[in-house]
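Coordinates in review
Chain by chain, the residues:
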Amino acid sequence: MIAHGDGAMRGPRSGPELRMGRHQIPPSQVIENPLRRAVLHHLSRVGGHAPTIETCRALGIVHRGSLTWSADILVRAGMIRRHRIGAGSRRSIILTITPRGRAAIAGGDVLPQALELSA
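Conventions and cut-offs
- Residues numbered from 1 in each chain as written.
- Predicted model: local features only at pLDDT ≥ 70, side-chain atom pairs only at ≥ 80, totals over all residues.
- Heavy atoms only, no water.
- Helix = DSSP H or I, 4+ residues; strand = E, 2+ residues; numbered from the N terminus.
- Polar contact = N/O pair within 3.5 Å; in protein donor to acceptor, adjacent residues only side chain to side chain.
- Contact = heavy atoms within 4.5 Å.
- Axes fitted to C-alpha atoms, helices over the stretch in contact; angles between N-to-C directions.
- Parallel < 35°, antiparallel > 145°, perpendicular 65-115°, else oblique.
- Nonpolar A, V, L, I, M, F, W, Y, C, P; charged D, E, K, R; others polar.
- Pairing = 2+ DSSP bridges.

1. Describing the side chain of Thr55
Mapped onto the elements, Thr55 comes out in helix 2 (residues 52–59). Of the polar contacts made by the side chain of Thr55, one reaches the backbone oxygen of Pro51; its length is 3.0 Å. Setting aside anything within four residues of it in sequence, one finds Thr55 in contact with His42, Ala50, Leu67 and Leu95.

Next up, the structure:
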């Protein structure tokens, strides 16, 4: 639940557009960004999942913030999942492509959310 300015508690927004900061990205345009598309292709080539550090290295990304920003958008679109493993200084974040992400890079229609969960 999210507290709004009028004091009401409501569930997260749903609708055709994804919100990330002030930018609104329609789901059909999520993979038009070259970095987000490269992340999906990399994950599909390496067996579906990879640590963020390995992904940065493979794609030539110097600042992990760029990957984090793109991964946030892909997570909200349901195209990847993010898993945190380890503790303390041995923490790592693993990115995993979803069936919806695979469908998007295969050029097929993006799967509806309900079909992704049952796949």
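2. Some thoughts on the packing of helix 1 (residues 34–45) against helix 3 (residues 64–76)
Contact geometry of helix 1 with helix 3 gives a least axis separation of 10 Å together with a crossing angle of 80°. Our classification of the angle between helix 1 and helix 3 gives roughly perpendicular. Along the contact surface, helix 1 presents Leu35, Arg36, Val39 and Leu40, while helix 3 presents Ser66, Leu67, Ser70, Ile73 and Leu74. Its residues assigned to classes, the contact of helix 1 with helix 3 comprises six nonpolar, two polar and one charged.

3. Things to note about the sheet that holds strand 6 (residues 80–85)
What the three strands build is an open sheet, ordered 5-7-6; its pairing is antiparallel. Edge positions in the sheet fall to strand 5 (49–51) and strand 6, since each has one partner strand and no second. Between one strand axis and the next, the sheet turns by 25° as a mean value, whatever way the strands run. In terms of strand pairing, strand 5 meets strand 7 (residues 92–97) through three bridges, oriented antiparallel. What sits directly across from His49, in strand 7, is Thr96. Along the sheet, helix 1 makes contact with strand 5, strand 6 and strand 7, crossing strand 7 at roughly 90°. Across the face of the sheet, helix 2 comes into contact with strand 5 and strand 7 while running at roughly 90° to strand 5.

4. Topic: the pairing of strand 6
Bridge count for strand 6 against strand 7 is six bridges, and the pairing is antiparallel. From the neighbouring strand, Ile80 faces strand 7, where its bridge partner is Ile97. Hairpin remark: strand 6 followed by strand 7, antiparallel, with six residues in the connecting loop; positive phi at Gly86, about 85°.

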